[in-house]
There are 2 protein chains.
Amino acid sequence: MKALEERILSEGKILPGPVLKVSSFLNHQMDPDLIMEIGAEIGRRFKDEKVTKILTIESSGIAIALAVGAALHVPVIFAKKHRTSNVSGAVYQTIVHSYTHNVDYTVVVESEFIKSDDNVLLVDDFLANGKALEGLMELVKQSGAKIAGAGIAIEKGFQDGGSNLKARGLRIESMAVIDSMDENGITFR
Amino acid sequence: MKALEERILSEGKILPGPVLKVSSFLNHQMDPDLIMEIGAEIGRRFKDEKVTKILTIESSGIAIALAVGAALHVPVIFAKKHRTSNVSGAVYQTIVHSYTHNVDYTVVVESEFIKSDDNVLLVDDFLANGKALEGLMELVKQSGAKIAGAGIAIEKGFQDGGSNLKARGLRIESMAVIDSMDENGITFR
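Because the structure is a prediction, the values reported are computed rather than measured.

With 77 residues, the main nonpolar core has A:Leu4, B:Leu4, B:Leu26, B:Ile54 and B:Ile154 as its most contacted residues. With nine residues, the top contributor of residues to this core is helix α3 (residues 62-72) of chain B. Setting aside its immediate chain neighbours within four residues, B:Leu26 contacts B:Ile35, B:Ile38, B:Ile64, B:Asp125, B:Phe126, B:Ala153 and B:Ile154.

Turning our attention to the side chain of B:His28. Here B:His28 lies in the loop between β2 (19-21) and β3 (29-30). A polar contact is formed between the side chain of B:His28 and the backbone nitrogen of A:Glu110, at a distance of 3.1 Å. Not counting residues within four places of it along the chain, the set of residues in contact with B:His28 comprises A:Val76, A:Ile77, A:Phe78, A:Lys80, A:Val108, A:Val109, A:Glu110, A:Phe113 and B:Ser23.

Each pair of packed helices gets described by two things: the angle between the helix axes and the distance between those axes. Residues and elements named next belong to chain B. Contact pair helix α1 (residues 2-11) / helix α2 (residues 32-45): the axes reach a minimum separation of 10 Å and the direction vectors enclose 140°. Taken together, the axis directions place α1 and α2 in an arrangement best described as oblique. Crossing hand, α1 versus α2: left-handed. Residues Ala-3, Leu-4 and Arg-7 of α1 pack against Leu-34, Glu-37 and Ile-38 of α2. Classifying every residue of the contact of α1 with α2 by side-chain character gives four nonpolar, no polar and two charged.

All names here are of chain A. This structure, assessed with the given rule, holds zero aromatic pairs over all chains. Sitting over the face of the ring of Tyr-105, Lys-81 holds its NZ or CZ atom 5.0 Å from the ring centroid. When the ring centre of Phe-46 is taken as reference, the NZ or CZ atom of Arg-171 above it lies at 4.3 Å.

Listed by partner, the interface residues are 32 residues for chain A and 32 residues for chain B. At the boundary of chain A with chain B, total buried surface from both sides reaches about 2900 Å², with 63% on carbon and sulfur atoms. On inspection of chain A and its partner chain B, the count reaches four salt bridges. With a closest N to O distance of 3.1 Å, B:Glu110 and A:Lys21 form a salt bridge. The tally of links between chain A and chain B comes to 15 residue pairs in polar contact (both at pLDDT 80 or more). Mapped onto the side of chain A that touches chain B, the elements with two or more residues apiece are β3 (29-30), α2 (32-45), α3 (62-72), β5 (76-82) and β7 (103-110) of chain A. The greatest single-element share of the side of chain A that touches chain B, amounting to five residues, is contributed by α3(A).

The subject of this paragraph is the pattern of salt bridges. Proximity of charged atoms lets side chains of opposite charge pair with each other. Enumeration according to the criterion identifies 29 salt bridges over all chains in this entry. Notably, a salt bridge pairs A:Glu49 with A:Arg171, separated by 3.6 Å at the nearest N-O pair. Placement of A:Glu49 in the loop between α2 and β4 (53-57) and of A:Arg171 in the loop between α5 (161-167) and β10 (172-182) is noted, with a sequence separation of 122 residues between them. With relative accessibility at 32%, the residue A:Glu49 sits in the partly exposed group. Here B:Glu155 and B:Lys166 are joined by a salt bridge, their closest N and O atoms 3.6 Å apart. With B:Glu155 in strand β9 (residues 146-156) and B:Lys166 in helix α5 (residues 161-167), this pair connects stretches of sequence that are eleven residues apart.

Calculation notes
- Residues numbered from 1 in each chain as written.
- Chains lettered and ligands numbered in written order.
- Predicted model: local features only at pLDDT ≥ 70, side-chain atom pairs only at ≥ 80, totals over all residues.
- Heavy atoms only, no water.
- Core = buried A, V, L, I, M, F, W, Y, C linked by side-chain atoms within 4.5 Å.
- Buried < 20%, exposed > 50% of the residue type's maximum accessible area, 1.4 Å probe, protein only.
- Helix = DSSP H or I, 4+ residues; strand = E, 2+ residues; numbered from the N terminus.
- Contact = heavy atoms within 4.5 Å.
- Polar contact = N/O pair within 3.5 Å; in protein donor to acceptor, adjacent residues only side chain to side chain.
- Axes fitted to C-alpha atoms, helices over the stretch in contact; angles between N-to-C directions.
- Parallel < 35°, antiparallel > 145°, perpendicular 65-115°, else oblique.
- Left-handed = near helix turned anticlockwise from the far one by under 90°.
- Nonpolar A, V, L, I, M, F, W, Y, C, P; charged D, E, K, R; others polar.
- Phe/Tyr/Trp six-rings, centres within 6.5 Å; stacked < 30°, edge-to-face > 60°.
- Lys NZ or Arg CZ within 6 Å of the ring centre and 35° of its normal.
- Buried area = accessible area lost by both parts, 1.4 Å probe.
- Salt bridge = Lys/Arg side-chain N within 4 Å of Asp/Glu carboxyl O.

Structure follows, in structure tokens:
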């Protein structure tokens, strides 16, 4: 998506890791017009898939997921992150390791919100090693629902999360795929 | 807002506290059409205020704040919650006590995103004791910016946060104000 790529080039900052910092428009400060446009485009790509629910993970996936939900007019669920494993009630839950914060989270969705006849579209702001998406896939698996695919704002194509998950049959639509980024700049696929 | 009040009556659950559980449409599972409608109405109420930034707090304020931002076409910032006070970099920060989770959070915004010439609209899903709004007001105060007011989805009018903050001069626009809720039902103002 050209508008997103241009914004990454003009405002993205490359930090050691490499980490791409896009906190001026995507995940700390957010440009609502750009995010609604990203949501509309992800919605357009999955419009024939009979999506019944959208699932993301707090916090930075919420805005994009809402925008996709506004395009497809289906409910949006965000999985909650807990530091403890003491989660009560009827829930789906799994563990996701965050490399950014080097910590394990218990990720939880109340089970009443995803049923076995749902067709769930996964949404997140970033796809790098794929651990967050794998966690969301596990939650959907526990529900017995189908997965329509994943809509991602920015995929780090030089990390193996995207290729591994595609090899396992997941349809992934990323609005910008970065093939390389270093002191010489950013190359999109 | 009639659509929100009707949804609270049809799907809200009253738990001991009293806590109003609206996780089927507002803050775990979200109805994007209703949330966009709430955002449009909050935006309409503040449209003449020359708002330049919207500020909310993760996680459950993000969706509504994005919807207000989409209506007013201004950037949306979400303050981040940390369990530790070890926050580095140029930030505004304060402590907010959560009665729901009985824990203190350090709440942080990178200082580059709010400048002294900004006019900031605060947005959140709930207003009860007002601690979250007070935290956001403190962050804006540190920046030197003005506060245009606060747009809230659901205000618990039987708790004193709203009346205390109004007495201090804050303009608050709540889309639904609950005057009482108990086993006999919910009464709106």
